[in-house]
Amino acid sequence: MPRAGKAGRSLGLPRVFSFCLFLHSSSAQIRYSIPEELTRGAFVGNIAKDLGTDVAKLAAANLQVLSDSDSQYFSVNVNTGVIMVSERIDREQLCGQNPRCFLHLKLAIENPVEFYRIEVEILDINDNPPEFPGDGVSLRIYELASLGARFPIQPAQDPDVGTNTLQTYHLSANENFNLNVKARTDGGKFPELVLERALDRELRAFHHLVLTAEDGGSPPQSSKTHITIQVLDANDNHPVFDRPSYGARLVENSPLGTLVVKLNATDVDEGPNGDIRYSLSSHNSAALRQIFAIDEQTGEIRVQGNLDFEEATVYEIEVEAKDMGSPTMEEHCSVVVEITDVNDNAPEVILTSFSSSLSEDAPPGTVVAVIHVRDRDSGEQGKVQCHVSPDLPFQLRKDYEHQYSLLTSTRLDREHVAYYNVTVSASDLGSPPLSRHTILPIALADVNDNAPQFEQESYEVLVAENNPVGSVLVTVSAVDPDSEQNSRLSYSILRAGGTDPGLDPTRYLSIHPTSGQVSAKFPFDYEQTTYLQFHVEVSDGGSPALRNRTLVHVFIVDQNDNAPQVHFPRAGEDSATQFRISPSTTPPALITKVVAIDADSGRNAWLSYHLVEATDPGLFNVALRSGEIRIVRALQETDASAHELLVVVRDAGEPPLSTAVTLVVLVEEKGPEALQGSEAQAADGGGLPTITLYLIVSLVLISTVSLVGLAALGVRCLRRGSAPANQGCCVESVNTLQPPPSHIFGHLHYEPKQGDTVMVSDISEFMFVKPSAGPAGANPPDPTLCSELPLLLAALSCLPALSSAQLRYSVPEDREPGFSVGDLAKDLGVEVRSLAARSLRLVSEGGQRHFQVDLAAGVLLLNSRLDREALCGQSPTCSLHLQLVMENPLQLHRVEVDVLDVNDNAPQFPKPEVVLEITEVANPGTRLPLEVAEDPDMGSNSISTYELSPSEHFALSINVRGDGVKMPEIVLEKALDREKVAVHHLTLTALDGGNPVKSGTAKVTIHVLDANDNPPVCDPPISKVHLEENVPVGTLVTKLNVTDLDEGPNGDVEYSFKTSNNAPGKFTKLFSLDPRTGEIRTKGPLDYEESSAYEIAVRARDKGSPAMEGHCHLRVELIDINDNSPEIVLTSLSSPVQEDATPGTVIALIGVKDSDSGENGQVRLQIAKELPFKLVSSFKEHFSLVTNGPLDREKASGYNITVRAVDLGSPQRATQKTFYLRIADVNDNAPNFSSPFDTAHVQENSLPGTSVFSVSASDPDEGSNAKLSYSILLNGMQDVPISTYFRIDQDNGTIYTVRALDYEQDKVFQVPVEVKDAGSPALSSTAVVHVFVLDENDNAPIIVYPSVPTGSAFHQTIPALAEPGYLVTKIVAVDADSGHNAWLSYQLQETAEALPFQVERRSGEIRVAQALRESEDPHRLVVEVRDNGTPSLSASVVIVISPEENSVQDFAKSLDLPKSSPKDTNLTLYLIISLVSISLVSCVMFAVVAARCLKAGAASWTFAGCCRGTGRKPASHFRGQMKPDGFIKYLDVGGAGLTSQAQNYTSCFSPMSDQSDFLFVKPFSHSSTAETVAAYEQVTSTLASPCDGASWLFSVCPST
């Protein structure tokens, strides 16, 4: 018999849902009970008997067994009606710890439908023994744990229930522990170990016990676990060193990391109590801690700092060893380290007296410095020798032990060497020897022993006349090798000798006293003064001052400041000079000569004469240079009798100046006599001799200046004879200046350099250039201010020998200033009155003036109060060293003053209060080191002993170190009890040995540290809490109350969960425990349905070492609330259902359940009333969903059925579940076309297979009932079957052509289409598609008339005198196509010559277009007929027309062409030709002009700017020549060598440029300054070459 499966297939076969329920279904419930672990096939019950039904009916009713669980534990034998076990049943797996366990089954039978509920109770058997969670239990118990301490053990677990579960525990026999079993409220039992006898770890460290758990079954079952108890050690033993003290010897400067000694201490305790850490005691000074370091793990002491024998010869290190117990215990020992000296200190050089400045005229033997040397090493290593370099003008002299004097050995010269670095080398006698070098910077003070020197012996300067007042003419410069005031120079101009004030240069010039700039007081006039010379004197600021002088030559350069003056002819201001000539005067007769002079010189005096205005410009001309006026052509009768000439005389200056003169030439018969009279008049006036005199004077002056210039040039060349060849006589390679104006250069092209002196002669074109001297050297740095040497050094330098002695005194440190230290006069053996005369002075080596000398009494006095501790620290001796110097004769005495210690300091502890800690379990004899007091005094004044205030538990012990330092220690004499006295207060007193005795105290506070001997205690140990389920997360459940009598970490309790409950670790996900406060809060949702109560065990553990713990038990009982919504279970669903299903058909089986209890768990089920379904209750919590009316898939293809379940709780909770029920289709709808008639178009001649149209039909059914197929029906409307023309795709309804269609044969088709679905039986419908064939241009025109054979021509004769418009013939053609394809047009094919005929485009009529000529030959016409299709097709016919005299006209002249006269035709043609020509010429002209203007750009919009092309040239040249008078002859402009981006100079000429002197220049720009300079140099070089010719004027305008 097949067994029912899961809920999804509960009824086994879908056909179950096709039967109908009766109106009343029967239901019942049966209960059985069986023990767990029955075998397969075991008997459960007899269904047939219990239901009172025949067995045969059960087999016929198709009995099915449905289970709520996933596993099918039972099956029914329909032949016997017996329920049997089909799978193994484990009660513990099914129901856990629930006291009762049930399995629920449902039986379903048909005909009629009946449901039965079966409940099977599973009974427990004792099949599980108690089991402990782990293999064993390990406990760690402090050996000082108090009696009665309890130690919980994790309980055993037994999954059985009732009497079969765990009942009791048994513990194996032992001496120290007993067993206590605690019972929980839920019946659970927990074992605890109780300490009955004190533990002793030294006697027994481990205890091994056996715990047995036993249940109450029959027979009982049990299990055992082993308990291992480790006794934890208490820290009751302190570390012990293997020796009380250690010794070591090290060489100073031992490398870092050198091992000093390795300590060894042991502790009999174990674990942290026996783990020892080493450290340096607090008694050690900070300096010692920097030198030595100890490894806390190994006890190795190593060097970590510098060991210096000179600082300390012995180190005593205090070391303490501490264990890691709590509290710790410690022990102390000392390590004595002796240091061996090595030569590691270089000698020290101390300047007792030193002057860094020394006068350069100091004599040899002058004392510069007094040097003291010392070496901190001992023995031979501390002996020092000094020396200086023999190359220096200094030497060392040893005065006495450890003191030297530095003396000058030769003469000094500051200008030769201004600064010395004297290196004093000091070396000791060690092995190897060490040395030290000290550099003494000595600056030589200047003496004014050098006169200032000018950079040049003389200066020459060119000054343009009319210079501004105050302008600088020249700057003279002198240098003085001396420094500071001795090199501060002052300049002045020397007055000239004699009584003439006009010769005094200070009248015209002034000089700045410090900069040497010579300025002009007045502007110079070249016409009055051309040359000036004067002396400049310079003096330094020394005492006495030294002087020097130089000569300055000033050359005045002429400027064009005088206009030309006309000397002949002379005329009044308003009158003109008249000259007469004869009418017969022939050219080139001299009329007169204009004579003018210019007061300027050189180019400024070069004159040119110009005829500006004339009555007849072509009759006279004026010579440019001579001023001669001559007649150019012969006089004519038409010439005027009087001619007025305006002559302008212009010089060559820049800018040029001019003077005009007016002459009147009269033409008379007696002209020559008049001319002679004029010449005589001129002679009488003295004009000609005056001009001659001026010319002679000018010649002499020019010659003189030229000779002077040549002589000066020769002198310069001789002076520069040693100059390099490339510099010549007049130039020097220095920084260049801009070139001077071109009129100064003349024909010489030279670029002067910066600083050159340029001289230009007033009568010569030569330019003299004097190169400038190079820049003056840098002034030496100003030396530091000189200080006078001390009198001591001066005295030492004057005497060849010294005498010395040494004195020793002692003085207590507490003496006031003015205390007499010693009688110097008596001890030195000199008289007191001679001390002042011999200038007795006191010099201290340290620089501090602690003492002074009373010269009147001859005693050494204390100048300030002494503090021995500040001066010498802890040194056993303290001495101050002095030097006494006396003159006449010079004597040096060394004085040593010992500073004696007094008891002026009391002992002082580093801290006023000392805090110590000691455990209460410390053994008597334990020592606590104390910090050592400090006393800066020495000897007996230092610390003598210590005293401790009385105490019951502590005493004082004093240890003496190797260096004599007393170290106090507190010793425990009686055991401590923290509960009685937790803190002890003592006073420690340190006493020194002075008189009177001084003391210092420190408070000692000893804290007794607690031992962890009390476990935490929970009050109460067991508690219960009621809590509603689903309380918010974080809700406080309870706060535990735990106390611990210990303090500190021993009393600081931490809380944690114990996961030893029946459900280990489960409650830890729901509850949280604050480890500090003991608050238990919820951290997850609490669900009554999962568990109604929770047992929580909490461990309270202190932080002692070892830790002790207590335990608290808490039971949390939950209160149920309506927090669970009903749950809907769809046991079975039949989907889809046929749309023709009858009402009452079963659709689904639905079960409901609610996890809540009571009314909260009672559920009602409902669905929407508008649905064609209803719910029928089978039995409790089970419902059937059946149909309640007819179904129609086309109206509703499915239903979303929402089942809503509502419980009876307060407030109510509801759940709904929606499932989709699909309605299965039945073929009850025929397919329908979207339209019964459709129209389609297809082009004729389309290829077979061309798509014509797509028909579409729809069917509301689905699946195969909606799958459509299309076909074409046969009809009798066409002669040929329609299938020969078209076919249809049966799947998509697309109609295709079978063959090409011809519009001319068939223009329209009717295609009947049928559509049929795939249902059973199939349904169908039809539609008609009208297919129209579209015409194509596939037929060429056919010429109907004239009809001629192919290749022949149609002959037509016309009268020879036929006029235009005469109808020759008419072409008639037809086209088989239609529409546009049949529209025909007629035209003549083009020929090489014009034909006198034309054809009408539409009618095809051929007419005469123009009159025929006589005796014309026949005309051959080709007429082409073309249709309007795309592409168009054509046909042609050849017509031969023969003109004949007696030709018969075949056609009438009703359609003659209009006639026009030849005159009108020619006139129109001329007008058209004229209009086109004028328009064309105008366009061309405007285009040319526009192009020219656009090329000209923004340079100019005038006609002159557009007359020439101004394009850029890739390469051009700039060439020019200059006439002797300085004017440009010609200029060719370009940009040779420039980059392509540069702008070019381009010329723009007028239309008559070939005869014009004007040149318009367009400048070019350069891409960089360097290119501009290069172009400028090229221009200036070309302008230097002279050439004769006419002057051209050019103007430069910027280029865009």
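Refer to the structure printed above.
Remember, it's a predicted structure, so these values are computed and weren't measured experimentally.

Another point: the sheet that holds strand 84 (residues 1237-1243). Strand order in this open sheet of four strands is 84-91-90-87, and the pairing throughout is mixed. Two strands bound the open sheet, and with one partner strand each, they are strand 84 and strand 87 (1268-1272). Neighbour-to-neighbour, the strand axes of this sheet turn through a mean angle of 30°, independent of strand direction. Bridge analysis of strand 84 against strand 91 (residues 1324-1334) gives seven bridges, and the strand direction is parallel. Note on strand 91: the bridge partner recorded for threonine 1239 is histidine 1330.

Counting 27 residues, the largest nonpolar core has Leu263, Phe292 and Ile301 as its most contacted members. Secondary structure elements with two or more residues in this core: strand 16 (245-251), strand 17 (259-262), strand 19 (276-280), helix 4 (286-291), strand 20 (292-294), strand 21 (300-303), strand 22 (314-323) and strand 23 (330-340). If we skip the residues at most four places from it in the chain, isoleucine 301 touches Thr258, Leu259, Val260, Val261, Leu263, Phe292, Ala293, Ile294, Ile317, Val319 and Val335. The next biggest cluster of nonpolar side chains, apart from the first, holds 26 residues, and it includes Leu63, Val85, Leu103 and Leu105.

Let's shift gears to the sheet that holds strand 9 (residues 150-152). Taking strand neighbours across the sheet as the criterion, the three strands line up as 9-12-11 in an open arrangement whose pairing is antiparallel. A single partner strand is all that each edge strand has here, and the edge strands are strand 9 and strand 11 (177-183). Shown here is a sheet whose adjacent strand axes are inclined to one another by a mean of 30°, direction ignored. Of the pairings in the sheet, the one linking strand 9 to strand 12 (residues 189-195) comprises three bridges and is antiparallel in character. Opposite arginine 150, over in strand 12, you have valine 194 as the bridge partner.

In this section: the state of the cysteines. Scanning the model with the defined rule gives three disulfides in all. A disulfide bridge connects cysteine 95 with cysteine 101, and the sulfur atoms are separated by 1.9 Å. Around the S-S axis, the bridge from cysteine 95 to cysteine 101 shows a dihedral of about 60° and counts as right-handed. Cysteine 101 gets classed as buried once you look at its relative accessible area, which sits at 1%. Across the disulfide from cysteine 1018 sits cysteine 1112; the S-S distance is 2.0 Å.

So, on to a nonpolar patch on the surface. The grouping of Ile1342, Val1344, Tyr1345, Val1372 and Val1374 at the surface amounts to a nonpolar patch, some 410 Å² of accessible area in total. Among the elements of the structure, strand 92 (1342-1345) and strand 95 (1372-1374) are those that each provide at least two residues to the nonpolar patch. As for its placement among the helices and strands, isoleucine 1342 is situated in strand 92.

Right, let's get into the environment of glutamate 465. Within the fold, glutamate 465 resides in the loop between strand 33 (458-464) and strand 34 (472-475). Residues glutamate 465 and glutamine 559, 94 residues apart in the sequence, show an inter-C-alpha distance of 6.2 Å. Discounting chain neighbours no more than four positions away, the residues touching glutamate 465 are Phe524, Asp525, Tyr526, Glu527, Ile556, Val557, Asp558, Gln559, Asp561 and Asp600. Within the structure, glutamate 465 has its side chain in polar contact with the backbone nitrogen of glutamine 559 (distance 2.7 Å).

Remark: the centre distance and the inter-plane angle together describe each pair of aromatic rings, the angle taken between the planes. Evaluated as defined, the whole model comprises 14 aromatic pairs. Between phenylalanine 568 and phenylalanine 579, the aromatic rings sit 6.4 Å apart at their centres with planes inclined by 70°, giving edge-to-face as the arrangement. One end of the pair, phenylalanine 568, is in strand 41 (residues 565-568); the other, phenylalanine 579, is in strand 42 (residues 577-581), with eleven residues separating them in the sequence. Given a relative accessible area of 17%, phenylalanine 568 falls into the buried group. Ring centres 5.7 Å apart and planes at 70° place the aromatic pair phenylalanine 1071 and tyrosine 1094 in the edge-to-face group. Pair noted here: phenylalanine 1071 is in strand 71 (residues 1071-1073) and tyrosine 1094 is in strand 73 (residues 1093-1102), with a separation of 23 residues, a long-range link. We note that phenylalanine 1071, like tyrosine 1094, is buried. Taken together, Tyr1285, Phe1286 and Phe1309 form an aromatic cluster joined through their ring pairs. The ring of phenylalanine 819 is capped by arginine 815, whose NZ or CZ atom sits 5.6 Å from the centre of that ring. Residue placement shows lysine 1307 over the ring face of tyrosine 1303; its charged tip is 4.7 Å from the ring centre.

Within the secondary structure, arginine 1407 is located in strand 98 (residues 1405-1408). Residue class for arginine 1407 comes out buried when judged on its relative accessible area of 2%. One polar contact links the side chain of arginine 1407 to the main-chain carbonyl oxygen of glycine 1365, over a distance of 2.8 Å.

One side chain can pair with another of opposite charge once the charged atoms of both are near each other. Under the counting rule described, the total for this entry stands at 48 salt bridges. Among the ionic pairs, arginine 100 bridges to glutamate 121, the shortest N-O distance being 3.3 Å. You can see arginine 100 sitting in the loop between helix 3 (91-95) and strand 6 (102-109) and its partner glutamate 121 sitting in strand 7 (residues 114-123), a full 21 residues away along the chain. Between lysine 182 and glutamate 192 there is a salt bridge whose closest N-O contact spans 3.5 Å. Placement of the pair is lysine 182 in strand 11 and glutamate 192 in strand 12, with a sequence separation of ten residues. Judged by its relative accessible area of 18%, lysine 182 falls in the buried class. A relative accessible area of 5% means that glutamate 192 is categorised as buried. Ionic contacts of the salt-bridge type, sharing partners, join the residues Lys1024, Glu1095, Arg1115 and Glu1117 into one network.

Rules behind the numbers
Residues numbered from 1 in each chain as written. Predicted model: local features only at pLDDT ≥ 70, side-chain atom pairs only at ≥ 80, totals over all residues. Heavy atoms only, no water. Pairing = 2+ DSSP bridges. Helix = DSSP H or I, 4+ residues; strand = E, 2+ residues; numbered from the N terminus. Axes fitted to C-alpha atoms, helices over the stretch in contact; angles between N-to-C directions. Core = buried A, V, L, I, M, F, W, Y, C linked by side-chain atoms within 4.5 Å. Buried < 20%, exposed > 50% of the residue type's maximum accessible area, 1.4 Å probe, protein only. Contact = heavy atoms within 4.5 Å. Disulfide = S-S within 2.5 Å. Patch = residues over 30% accessible without salt bridge, like charges linked within 9 Å, V, L, I, M, F, W, Y side chains within 5 Å. Areas by Shrake-Rupley, 256 points an atom, 1.4 Å probe, with all protein chains shown as cover. Salt bridge = Lys/Arg side-chain N within 4 Å of Asp/Glu carboxyl O. Polar contact = N/O pair within 3.5 Å; in protein donor to acceptor, adjacent residues only side chain to side chain. Phe/Tyr/Trp six-rings, centres within 6.5 Å; stacked < 30°, edge-to-face > 60°. Lys NZ or Arg CZ within 6 Å of the ring centre and 35° of its normal.

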